[in-house]
Amino acid sequence: MKRIRITGGNLKGRSIQIMERHEARYTPSKVRKAIFDIIGSMEGKRVLDLFAGAGSFTIEALSRGAASGICVERDREMCALIRRNLESLSMAGFCEVLNMEAMRAIPFLYKKGFAYDIIFMDPPYDKKYVEATISLFRDHAVYSANTLLVVEHSKREVCGAQESGWKESVLTTRRYGDTCITILKLQRF
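In this text the structure is predicted, and so the values were computed from the model without any measurement. (Residues numbered from 1 in each chain as written. Predicted model: local features only at pLDDT ≥ 70, side-chain atom pairs only at ≥ 80, totals over all residues. Heavy atoms only, no water.)

1. Overview of the pairing of strand 3 (residues 46-50)
Within strand 3, four of the five residues are buried, which leaves it mostly tucked inside the rest of the structure. Sheet topology note: the strand 3/strand 4 (residues 68-73) ladder contains five bridges and is parallel. The residue of strand 4 that forms the bridge with arginine 46 is serine 68. Crossover strand 3 to strand 4 through helix 2 (residues 56-63) is right-handed. Looking at chain direction, strand 3 and strand 6 (residues 116-121) are connected through four bridges and run parallel. Each residue of the ladder has a partner; that of leucine 48, found in strand 6, is isoleucine 119. (Buried < 20%, exposed > 50% of the residue type's maximum accessible area, 1.4 Å probe, protein only. Helix = DSSP H or I, 4+ residues; strand = E, 2+ residues; numbered from the N terminus. Pairing = 2+ DSSP bridges. Right-handed = clockwise from strand over helix to strand, strands pointing away.)

Written as structure tokens, this is what we have:
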């Protein structure tokens, strides 16, 4: 198996395993580092990682001081990989791994009354998951007044949805080749 490095925090320089699959697309280290430079302090934050893959975003957040995380991934093998990575870094007690579709996880977490400070989503590119997932937040507010939504998406996709009863503010969009990172602040009217 291949490995990628953690770019900051108390685990900086350590690495996690990733699967070498043609359909898997991992956020490069320089892009992850750029995201955390923009977000700033992770101290005490609660993180939700949708379409988690190997869990690199959540593991990076925990390394940088996040209090807890939930990784949502539909692929059973990837969930097992996330758990192994968390165990190897002694972080299993700080992160829950949910083996389910992100579109099902949002209503599930909402019913449990969970709210997150940082929500990261990296869905498969060009499959309309970005718009569909963001629209779920309208009726399932798993966020608070200061929550940041970090969306990794294709340059061909538009990120953001304006629907009745809620709005979001795009704080920044950065492009890295075919990948765009858009950071939004979700807000209710």
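2. Thoughts on helix 4 (residues 102-111)
Within the sequence span of helix 4, burial applies to Ala102, Ala105, Ile106, Pro107 and Leu109. Packing partners of the buried residues in helix 4 comprise strand 3, strand 4, strand 5 (95-99), strand 6 and helix 5 (129-136). (Contact = heavy atoms within 4.5 Å.)

3. Some words on the environment of glycine 9
Take glycine 9: it is sitting in the loop between strand 1 (2-5) and strand 2 (15-18). Linking glycine 9 and methionine 42, residues 33 residues apart in sequence, is a C-alpha distance of 9.6 Å. With residues up to four places along the chain from it excluded, the contact list for glycine 9 reads Ser63 and Arg64.

4. Examining the pairing of strand 5
Relative to strand 5, strand 4 runs parallel, the two being bridged by five bridges. Paired with valine 72 across the bridge in strand 5 is leucine 98. You can see the chain leave strand 4, run along helix 3 (residues 76-88) and come back into strand 5, and the turn it takes is right-handed.

5. Describing the packing of aromatic side chains
Following the criterion strictly, the structure yields five aromatic pairs and no others. Both rings, one in phenylalanine 36 and one in phenylalanine 57, keep their centres 4.9 Å apart while their planes meet at 20°; by these two values the pair is stacked. With phenylalanine 36 in helix 1 (residues 29-39) and phenylalanine 57 in helix 2, this residue pair connects regions lying 21 residues apart in the sequence. Of the residues examined, phenylalanine 36 reaches a relative accessible area of 3% and is grouped as buried. By relative accessible area, phenylalanine 57 is classed as buried at 1%. A ring pair is formed by phenylalanine 137 and tyrosine 143, whose centres lie 6.3 Å apart and whose planes are at 85°; its orientation type is edge-to-face. Aromatic rings pair up to connect Phe36, Phe57 and Phe120 into one cluster. (Phe/Tyr/Trp six-rings, centres within 6.5 Å; stacked < 30°, edge-to-face > 60°.)

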